[in-house]
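Fold and contact review
Residues per chain, in single letters:
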Amino acid sequence: LILWGGTDVMASGTVAVSAMGWGEQNERKQEFYIITIFITAIASVAYFSMATGYGLIEVPVGGETLDIYWARYADWLFTTPLLLLDLALLANASRREIGGLVILDSFMIVTGLVGALSKTMLARYTWWFISTVAMILVLYFLYSVLGARAQQMSSDVQSTFTALRNLTLVLWTLYPILWIVGTEGAGVVNLYVETLGFMVLDVSAKVGFGLILLRS
Ligand code: RET
């Protein structure tokens, strides 16, 4: 049910962003609309696959069987670089800066996936740690390098950038925390609560982010 909710919200977000961007003549704005439409469209397909039971795999870990939604990682592998691209274009980052950010971000998602599929707790925690270090570097890069770039833009762009960057810093940090307390890690939080948590985070980080960006 939660996953169907996620599918619906992401699909509605896609329609809303498309409607907002319809007939937009400004090329810089068109770019942001297109990127953001891809973000919500990819997420709605990923949620649909999880809701229909396709994006799920069983991983044996120490005598137990974990249900792992691998489709999340497929979603994040494409949507997190696109979110960063939105921020980077807003801050007028260089090609090399964008390239570095995207590679580091993909590394974060792929190592997180390997952790989710690993069969021993030691391996799972180690991959989580590696992925989290990559995330800290990504967020630090956003703060320092892109922050400095944004300083050179108009005050309008600066305030939108700062709002989106802060939203990103807070929301992204919650992902590894939910993962480690959830079923992938310590199992303090059950699959139902975890799925709900990721859904709220994904909707805020994608649709919330898109609305702030595109209304500015
Ligand atoms: C994982 C695995 C454990 C370590 C880390 C993770 C980070 C995930 C992040 C995901 C962000 C997703 C977004 C989706 C948009 O809707 C993969 C959970 C660090 C930061 C923003």
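Further up the page is the structure itself.
A brief look at the structure comes next. What you are looking at is a predicted structure, and each value in this text was computed from that prediction instead of being measured.

Moving on, we come to the site of the ligand. Taken together, 17 residues are adjacent to the ligand, and Trp-128, Ser-131, Trp-172, Tyr-175 and Lys-206 come closest. Separating an oxygen atom of the ligand from a side-chain N or O atom of Asp-202 is a distance of 3.4 Å. Between an oxygen atom of the ligand and a side-chain N or O atom of Lys-206, the distance comes to 2.5 Å. Burial of the ligand by the protein amounts to 100% of the accessible area it has alone, namely 540 Å². One can see that the ligand is located within the largest cavity. Elements represented by at least two residues in the shell around the ligand include exactly helix H3 (71-90), helix H4 (95-117), helix H5 (121-150), helix H6 (155-181) and helix H7 (191-215).

As a further point, take unusual backbone geometry. Phi is positive for Asn-92, close to 65°, though the residue is something other than glycine. Looking at the secondary structure, you find Asn-92 in the loop between H3 and H4. According to the relative accessible area criterion, Asn-92 is partly exposed, its value standing at 45%.

Let us look at empty space enclosed by the protein. Considering all chains together, one arrives at 2 cavities of 30 Å³ or more under this definition. In this structure, the largest cavity spans a volume of roughly 320 Å³. Lining the largest cavity are 21 residues, with Trp-76, Met-108, Ile-109, Tyr-175 and Pro-176 sitting closest to its centre. Going through the elements one at a time, H3, H4, H5, H6 and H7 are the ones with two or more residues in the lining of the largest cavity. The dominant element in the lining of the largest cavity, judged by the number of residues it contributes, is H3, at 5 residues.

This paragraph deals with the nonpolar core. Among the nonpolar cores identified, the biggest contains 48 residues, and Leu-146 and Trp-172 are the most heavily contacted of them. The set of elements that each furnish at least two residues to this core consists of helix H2 (27-51), strand S1 (56-61), strand S2 (64-69), H3, H4, H5, H6 and H7. One finds Ile-2, Met-10, Met-50 and Ala-71 within the second-largest nonpolar core, a separate group that totals 11 residues.

The rules we used
Position numbers for residues count from 1 along each chain, tracking the sequence in the order it is written. Local features in this predicted model are restricted to residues whose pLDDT is 70 or higher, and side-chain atom pairs enter the listing and the counts only when it is 80 or higher, whereas totals over whole chains, interfaces and linings include all residues. Values shown for side chains rest on all heavy atoms present in the structure; no hydrogens or waters enter the calculation. One heavy atom suffices: a residue is near a molecule or strand as soon as one of its heavy atoms comes within 4 Å of it. Side-chain atoms alone can form a polar contact between residues adjacent in sequence; in general such a contact is a pair of N or O atoms within 3.5 Å, and within protein one must be able to donate a hydrogen while the other accepts it. Using a 1.4 Å probe, accessible areas were evaluated by the Shrake-Rupley method; residue-level cover was limited to the displayed protein chains. A cavity here means a set of 1 Å grid points, computed over protein atoms only, where a 1.4 Å probe fits but cannot escape. A pocket is an open set with protein on both sides within 12 Å along at least 5 of 7 lines, and lining residues have an atom within 4 Å of a point. Being in a pocket or cavity means that more than half of the molecule's atoms lie within 2 Å of its grid points. Helix and strand definitions follow DSSP, with helices as H or I runs of at least four residues and strands as E runs of at least two, each counted in order from the N terminus. When a residue's accessible area, from a 1.4 Å probe over protein chains only, is under 20% of the maximum for its type it is buried; when over 50% it is exposed; and in between it is partly exposed. Grid points are joined across faces, edges and corners, and a volume is the space filled by probe spheres set on the points. Take the buried Ala, Val, Leu, Ile, Met, Phe, Trp, Tyr and Cys residues and link them wherever side-chain atoms come within 4.5 Å; each set so joined is a nonpolar core.

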